[in-house]
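Coordinates in review
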Amino acid sequence: MVDVNLVLRSTRVITPEGTRPAAIAVSGGTIAAVLPYDAEAPAGAVLEDVGDDVVLPGLVDSHVHVNDPGRTEWEGFWTATRAAAAGGITTIVDMPLNSLPPTTTVENLRVKQEVARPKAHVDVGFWGGALPDNVKDLRPLHDAGVYGFKCFLSPSGVEEFPELDQEQLTRSLAEIAGFGGLMIVHAEDPHHLAAAPQKSSSRYADFLASRPRDAENTAIENLINQARRLDARVHVLHLSSSDALPLIAAAKAEGVKVTVESCPHFLTLTAEEIPDGATEFKCCPPIREAVNQDALWQGLADGVIDCVVSDHSPSTVDLKTPDFSSAWGGISSLQLGLPAIWTEARRRGFDLTDVVRWMSEAPARLAGLDRKGAIEAGRDADFAVLDPDATFTVDPVELQHRNRITAYAGRTLHGVVTSTWLRGVKINDRGTLAEPSGRLLERNN
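The following paragraphs examine the structure supplied in this document. (Residues numbered from 1 in each chain as written. Predicted model: local features only at pLDDT ≥ 70, side-chain atom pairs only at ≥ 80, totals over all residues. Heavy atoms only, no water.)

Description of the sheet that holds strand 8 (residues 123-126)
For the record, the criterion: One bridge is not enough; two strands pair if DSSP finds at least two bridges between them. Counting from the N terminus, the helices are the DSSP runs of H or I reaching at least four residues and the strands are the DSSP runs of E reaching at least two. Interaxial angles span 0 to 180 degrees and are taken between N-to-C directions of axes, which are lines fitted to C-alpha atoms, for helices over the stretch in contact.
Pairing is parallel across the open sheet formed by 3 strands, whose spatial order is 6-7-8. Each edge of the open sheet is held by one strand with a lone partner, namely strand 6 (59-64) and strand 8. On average, adjacent strands in this sheet sit at an angle of 20 degrees to one another, irrespective of strand direction. Alignment of strand 6 against strand 7 (residues 89-94), held across 4 bridges, turns out to be parallel. Looking at the pairing, Leu59 lines up with Ile89 of strand 7.

Structural notes on the pairing of strand 17 (residues 425-429)
As paired elements, strand 16 (residues 412-422) and strand 17 share 4 bridges and run antiparallel to each other. Following the sheet pairing, Trp421 is matched in strand 17 by Lys426. Two successive antiparallel strands, strand 16 and strand 17, enclose a turn made up of 2 residues, where Arg423 displays a positive phi of approximately 50 degrees. Bridge count for strand 17 against strand 18 (residues 432-433) is 2 bridges, and the pairing is antiparallel. From the neighbouring strand, Asn428 faces strand 18, where its bridge partner is Leu433.

Notes on the layout of surface pockets
To keep things clear, this is the line we draw: Only protein atoms enter the 1 Å grid used here, on which a cavity is any set of points holding a 1.4 Å probe that cannot leave and a pocket is any open set flanked by protein within 12 Å on both sides along at least five of seven lines; residues with an atom within 4 Å of a point are listed as lining. Grid points are joined across faces, edges and corners, and a volume is the space filled by probe spheres set on the points. In this count, Pro and Cys sit with the nonpolar residues alongside Ala, Val, Leu, Ile, Met, Phe, Trp and Tyr, while Asp, Glu, Lys and Arg are called charged and the others, Gly among them, polar.
What the largest pocket holds in volume is close to 560 Å³. Ser156, Gly157, Arg211, Cys284 and Gly329 are the residues nearest the centre of the largest pocket, which is lined by 31 residues in total. Those elements giving two or more residues to the lining of the largest pocket turn out to be strand 10 (149-152), helix 5 (190-195) and helix 6 (204-210). Residue composition of the lining of the largest pocket, by class: 12 nonpolar, 14 polar and 5 charged. Of the pockets and cavities examined, the second largest pocket occupies roughly 360 Å³. Along its surface, the second largest pocket is lined by 18 residues, and Ala86, Gln335, Phe392, Glu398 and Val416 are the ones closest to its centre. The residue inventory of the lining of the second largest pocket, partitioned by class, reads 8 nonpolar, 7 polar and 3 charged.

Some details on the nonpolar core
Worth spelling out the cut-off: Side-chain atoms within 4.5 Å link the members of a nonpolar core, which is a set of buried Ala, Val, Leu, Ile, Met, Phe, Trp, Tyr and Cys residues. In this scheme, a residue with accessible area under 20% of its type's maximum is buried, one over 50% is exposed, and one in between is partly exposed, where area comes from a 1.4 Å probe on protein chains only. Residue contacts follow a heavy-atom distance rule, with two residues in contact if any of their heavy atoms lie within 4.5 Å.
If you look at the biggest cluster of nonpolar residues, it comprises 98 residues, and the most contacted ones within it are Ile92, Phe149, Met183, Leu239, Ile287, Val355 and Trp358. Considering each element in turn, this core owes the most residues, 6 residues, to helix 1 (residues 77-86). With near-sequence residues (within four places) excluded, Phe149 lies in contact with Trp127, Gly128, Gly129, Ala130, Leu138, Leu141, His142, Ile176, Phe179, Leu182, Met183 and Ile184. Val60, Val158, Phe161 and Ala367 belong to the second largest nonpolar core, which has 20 residues in total.

A few points about the sheet that holds strand 12 (residues 233-236)
Sheet strands pair via backbone hydrogen bonds, and the direction of the pair is either parallel or antiparallel. Within the open sheet, the 6 strands sit side by side as 9-10-11-12-13-14. Their pairing is parallel. Two strands in the sheet have a free side with no partner beyond their single neighbour: strand 9 (128-129) and strand 14 (307-308). Bridge analysis of strand 10 against strand 11 (residues 182-186) gives 4 bridges, and the strand direction is parallel. When the bridges of strand 11 are listed, Cys151 appears paired with Val185.

Below you can see the structure in the form of structure tokens.
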């Protein structure tokens, strides 16, 4: 075999054909072949044997708010991508809002890329944003390499990224469908939110009542109707309400181009366990009850929910006030998503091949990252090596993201990431992180 510089060997390698003992031959950052376990390493190649640790394809997190530039006191590319590398994530796709400027024009995209380039520890792609007044910018952004466009159907929380009403959504969706693009949608209906009880309170029950399931359900129903009428491709972000699952399943069966994600916090945390005043648990849409969580897991099992991604949405600690109505909504989990999901998945009878499908293969497919998401010849040599039976207790001090506040503090989780590899180079060795070597990705590159 020509020019193989690395052979990574394990008794458990997760490939599209299943989990088996294998030796992965890497050449120039690309997987050259997946060989039998006992294959000899070619002359000059480094042999890395990880024993019984499981080799997964590097995870792909398609929902990350890096906030850089402009709100770098909240998060930045250096810290966010270090957290990703520590958690077995080798590719992130950055959300267009919470940075200043937002990624809503080609010029703004170039500003963000210049900031990200020297700081990226993992590969980074970018979503564009769809605003009421930037329909003219959507095709240029698409041509410049963004992976799709995010919009809100209710207020985003930042004034520079306003939501779309139904007429504005129609215009943007029609434009995006015209060039075969993807719209990813924060789906909560503003009318249902306005009608819900809103009051200052430290009680989680009051916050939960302010973000009812009907807000999600109605927004998703309207989105599906628009996608059906315009033959547009849409993706529902951070699904929280399990009530929407039958509607989504029916739309998929009909052939509507809709995909769906959920997040670790919806699948591992429950409303019943959230203490009053504990706004590290606040996110929008909210963490709901245990019975709702059970239904979300069934949605994953049935394939109605396609992928699991973080919605890593950090802020400074001072913005997490004890009042749920005024506290910033967002949960930081880049580094912890894999062990959090694996802990709950194994308890429910799923295995790591399921986790790979939800957290690597499906997000890569969503964004069109055809070199990511699987261990097979021709893909990037991106790997997460996991000891699935080891446990650890989450200590915020050990987290890599900028503001070390987390809803998972004190939890004992299964699954320790022992190393992370980006294009055949070890970028995380048991928590020791290498210097930045990530690349900026563009659609079709």
